[in-house]
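Chains, contacts and geometry: an overview
Spelled out, the chains give:
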Amino acid sequence: YRSFVTDLPRKIMWWGGAELKPQQSAEMLSSALPPETRIALVAGRANRDRIVSYANAFRNHSFRVREIAGQSAIQDFCFLAHARAGLWGMERSTYARWASLIGGELLKNATIYGVNYPGRIKNVTSIVSTNEDLAGRIHYPVFDVTDSDVW
C-alpha cells in the first residue's frame, strides 16, 4: 500500500488511482485468505491516518498486520519484489505490477486488482496472461464499486 493520494491529490478520482476503502479491502482479502494471515502494509508516502485505518480494518478481519514505514521508494519496491507468499496491489501501481513480475517462481500468488467507479474516466478491464506460468501466479480481477467505496 503506497497511496497515490499523496502524490496525485487533484486527479486521484478521475485518473483511476482511488483506492478501495479499508473495510472493502479487508473484506476482499478475507474472502481470499485465511484468518491469521500475515499482512505487511508498505506505507510509502501515505498519510499516517490512512495506514492506521487499513491496519485496523485488517486486524478486525483477523489478519496479523505490520507496517513497513520510513523507507525510501526503492526500499519499498525491493520489499514488494521479495514478497513470497503473496502480493496484493492496484493495477495503477507500477511497483505492484513490476514486483509481481520480477518476483518469479518464488512468489506464490499476486493479485493486481482494478477498481471501476463512476468518478473514473476510463474503466479498466481484467487481464488474462497468455503465459501459462504468469497466468497461474498473477491474477487481475476488476471490481465495480460506487464512488463511496473508494477514497
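Provided above is the structure to which this section pertains.
This is a predicted model, so every value here is computed, not measured. (Residues numbered from 1 in each chain as written. Predicted model: local features only at pLDDT ≥ 70, side-chain atom pairs only at ≥ 80, totals over all residues. Heavy atoms only, no water.)

1. A few points about the pairing of strand 4 (residues 110–116)
Here is the rule: Type-normalised accessible area, obtained with a 1.4 Å probe on protein chains alone, sets the label of each residue: buried when under 20%, exposed when over 50%, and partly exposed for intermediate values. Counting from the N terminus, the helices are the DSSP runs of H or I reaching at least four residues and the strands are the DSSP runs of E reaching at least two. At least two bridges found by DSSP between two strands are what make those strands a pair. Assignment of crossover handedness uses the view with strands pointing away from the viewer, where a clockwise path from the first strand over the helix to the second indicates a right-handed crossover.
With 7 of its 7 residues buried, strand 4 lies for the most part within the structure. Burial along strand 4 is two-sided: the face carrying A110, I112, G114 and N116 and the face carrying T111, Y113 and V115 are both buried. Pairing between strand 3 (residues 87–90) and strand 4: 4 bridges, direction parallel. For W88, the partnering residue across the bridge sits in strand 4 and is T111. Read from strand 3 through helix 5 (residues 94–102) to strand 4, the crossover connection turns out right-handed. As defined by bridge partners, strand 4 adjoins strand 5 (residues 138–139) across 2 bridges and the pair is classed as parallel. When the bridges of strand 5 are listed, T111 appears paired with H139. As judged from the 3 bridges shared by strand 4 and strand 6 (residues 142–144), these two strands associate in the parallel manner. Considered in strand 6, the bridge of N116 is made with D144.

2. Points about the side chain of T111
To be explicit about the condition: Only heavy atoms enter the contact rule, under which two residues are in contact if any of them lie within 4.5 Å.
Structurally, the position occupied by T111 is in strand 4. Discounting chain neighbours no more than four positions away, the residues touching T111 are L87, W88, G89, H139 and P141.

3. Description of the pattern of salt bridges
Short version of the rule: The rule for a salt bridge is simple: a side-chain nitrogen of Lys or Arg has to be within 4 Å of a carboxyl oxygen of Asp or Glu.
Throughout the structure, instances matching the rule amount to 4 salt bridges. Between R50 and E19 there is a salt bridge; the shortest N-O distance is 3.0 Å. Of the two residues, R50 sits in helix 3 (residues 48–60) while E19 sits in the loop between helix 1 (12–15) and helix 2 (22–32), which places them 31 residues apart along the sequence. Neither R50 nor E19 differs from the other in exposure class; each is buried. For the salt bridge of E91 with R120, the shortest nitrogen-to-oxygen distance reads 2.8 Å.

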